[in-house]
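Residue-level structure breakdown
Read off the chains here:
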Amino acid sequence: MRTVLILGCGYVGRAVGLHERAQGNRVLAVTRNEQMADQLRSAGMDVFVGNVHETAWYAFAENVDWSLNCVSAATPNLEGYRLSYVDGNRSFTDWMSRSGFSGSAIYTSSVSVYPDSGGGWIEEKDARSSSERSEVILESERVFLESNDLAAKTVLRLGGIYGPDRSFLANRIAKADGVLPGYGDYFLNLIRLEDIVGAIGAVFRSENAGGIFSVVDDVPMLREDLVRELSARMKVPTPSFDPSLTGARGSRRMDGQRPANRRILNGKMKEAFDWQPAFPNASEGMTSLVSS
């Protein structure tokens, strides 16, 4: 039996915890959400309610074999990003140093660190700051990777997350009334929840842990193509796109700018950890989530 520490038990963290419990492992979960804490306890996890960027949870996290920081932003602004991601990783690595943790540590970052490439292919080395938010995320990666401790540290840059109970695009199509805000002519780089759980488990169980890896599915899809396929599956008219509605509720960009258009490679992750997404493209992955 392994002891797994999960910092930030939201959509991803809870799923990882449930998977590890099913494997017979002990799970120590840190969450700031009291309602989530009750769900985690009911699933057999040990729970600490508090903030990752603080130190109160340190005494709770003892005899840990594997650790994961997948905390979400405290608030959807730069201050919330910095508090949760940069300060959260400072706290995470401070705990590693104080406790002498020498196991496998994972930080779930984001593919938002990759710039627009005009639809061309992007790999891990191509990351660069293209906005204030991406700079904060890159800083959080540096804090995690460059700390002086004994852990084997792996950054997993996750694509856009979807899965059970999280079918944002299908919900938007159902409520579109013929029009979706934003653009359709850019590539989506997505990953289903179960494949994230599989990727994290593969890293924990590998002797090759360490480094930076993109966790996305095999086939990036143009947003307009995915919308058309989902609309057909849902038997509703295919909506058009209206960039003038970019700031409307449900749009990924609230600043009126075009989303980055790039296709992100996952080959490094697949080769290092013998990982294969069970849902190789979003059309397959989302089809099972929408009703016929």
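Quick caveat: nothing in here was measured; it's all calculated off a predicted structure. (Residues numbered from 1 in each chain as written. Predicted model: local features only at pLDDT ≥ 70, side-chain atom pairs only at ≥ 80, totals over all residues. Heavy atoms only, no water.)

**Overview of unusual backbone geometry**
Filter applied, for reference: Secondary structure elements follow DSSP: runs of H or I of four or more residues count as helices, runs of E of two or more count as strands, with numbering from the N terminus. Each residue gets one of three labels from its accessible area relative to the maximum for its type: buried under 20%, exposed over 50%, partly exposed in between, using a 1.4 Å probe on protein chains only.
Of note in the backbone geometry, N63 takes a positive phi value of approximately 55° without being a glycine. Relative to the helices and strands, N63 is located in the loop between β3 (46-49) and β4 (66-69). Looking at N63, the relative accessible area reads 68%, which means it is exposed. Phi at D274 takes a positive value of approximately 50°, unusual for a residue other than glycine. Mapped onto the elements, D274 comes out in the loop between α8 (267-273) and α9 (282-287). Taking the relative accessible area as the measure of exposure, D274 reaches 69% and is therefore exposed.

**Things to note about the sheet that holds strand β2 (residues 26-31)**
Inclusion rule: Pairs of strands are assigned from DSSP output, requiring at least two bridges between the strands. Axes, fitted as lines to C-alpha atoms, cover a helix only where it is in contact. Angles between the N-to-C directions of the axes lie from 0 to 180 degrees. Any pair of residues with heavy atoms lying within 4.5 Å of one another is described as a contacting pair.
Pairing in this open sheet of seven strands is parallel, and the strands run β3-β2-β1-β4-β5-β7-β12 from one edge to the other. Looking at which strands have only one partner, the edges of the open sheet turn out to be β3 and β12 (211-215). Between one strand axis and the next, the sheet turns through 20° on average, direction left out of account. Relative to β2, strand β1 (residues 3-7) is paired through five bridges, and the arrangement is parallel. Residue pairing in the sheet places L7 in a bridge with V30 of β2. Taken strand by strand, helix α6 (residues 193-204) contacts β1, β4, β5 (104-110), β7 (152-158) and β12, and its axis lies near 150° from that of β5.

**Focus: the pattern of salt bridges**
Pairs can form between side chains of opposite charge whenever their charged atoms are close. Defined as follows: Any Lys or Arg side-chain nitrogen found within 4 Å of a carboxyl oxygen on Asp or Glu counts as a salt bridge.
Applying the stated criterion across every chain, the model contains 16 salt bridges. A salt bridge links E123 to K125, with the shortest nitrogen-to-oxygen separation between them at 3.4 Å. Among the salt bridges present, the one from K270 reaches D218, with a minimum N-O distance of 3.0 Å. Note that K270 is positioned in helix α8 and D218 in the loop between β12 and β13 (221-222), a separation of 52 residues in sequence. Given a relative accessible area of 22%, K270 falls into the partly exposed group.

**Quick notes on empty space enclosed by the protein**
Put simply, the test is: Definitions used throughout: a 1 Å grid over protein atoms alone; a cavity as a set of points that fits a 1.4 Å probe which cannot get out; a pocket as an open set with protein on both sides within 12 Å along at least five of seven lines; a lining residue as one with an atom within 4 Å of a point. Grid points are joined across faces, edges and corners, and a volume is the space filled by probe spheres set on the points. Throughout, the ten residues Ala, Val, Leu, Ile, Met, Phe, Trp, Tyr, Cys and Pro are labelled nonpolar, Asp, Glu, Lys and Arg are labelled charged, and all others, Gly among them, are labelled polar.
Scanning all chains against the criterion turns up one cavity of 30 Å³ or more. Considered as a void within the structure, the largest cavity measures approximately 50 Å³ in volume. Taken together, R32, N51, V52, H53, V71, A74, L83, S84 and G88 form the lining of the largest cavity. A per-class count over the lining of the largest cavity returns four nonpolar, four polar and one charged.

**Things to note about the packing of helix α3 (residues 78-99) against helix α4 (residues 132-145)**
Just so we agree on the cut-off: Note on angle classes: values under 35 degrees are labelled roughly parallel, values over 145 roughly antiparallel, values of 65 to 115 roughly perpendicular, and the remainder oblique.
As a packed pair, α3 and α4 sit with axes 9 Å apart at the nearest point and diverge in direction by 5°. Classified by the interaxial angle, the pair formed by α3 and α4 is roughly parallel. Two secondary-structure elements touch here, α3 through L78, Y81, R82, Y85, V86, N89, R90, F92, T93 and M96 and α4 through E132, R133, V136, I137, E139, S140, V143 and F144. The residue makeup of the contact of α3 with α4, split by class, is 10 nonpolar, three polar and five charged.

**Topic: the packing of aromatic side chains**
We count it as follows: Geometry of aromatic contacts follows a simple scheme: Phe, Tyr and Trp rings, the Trp one being its six-membered ring, pair when their centres are within 6.5 Å, and the pair is stacked under 30 degrees between planes, edge-to-face over 60, tilted otherwise.
Within the structure shown, the criterion is met by 10 aromatic pairs. With a centroid separation of 5.1 Å and 35° between ring planes, the pair formed by W95 and F101 is classed as tilted. On the basis of relative accessible area, W95 is assigned to the buried category, the value being 3%. Between the aromatic rings of F213 and F273, the centroid separation amounts to 4.9 Å while the plane-to-plane angle is 70°, which identifies the pairing as edge-to-face. One end of the pair, F213, is in strand β12; the other, F273, is in helix α8, with 60 residues separating them in the sequence. Residue class for F213 comes out buried when judged on its relative accessible area of 4%. The class of F273 is buried, set by a relative accessible area of 7%. Here the aromatic cluster, defined as three or more aromatic residues joined through ring pairs, consists of W57, Y58, F92, W95, F101, Y107 and F144.

**Some points on the side chain of N266**
Formally: Polar contact is the term for a pair of N or O atoms within 3.5 Å; when the atoms are in protein, one must be able to donate a hydrogen and the other to accept it, and sequence-neighboring residues count only if both atoms are side-chain atoms.
One can find N266 in the loop between β15 (263-264) and α8. Within the local environment of N266, its side chain forms a polar contact with the side chain of D218, the two groups lying 2.8 Å apart. Excluding residues within four positions of it along the chain, N266 makes contact with S214, V216, D217, D218, W275 and P277.

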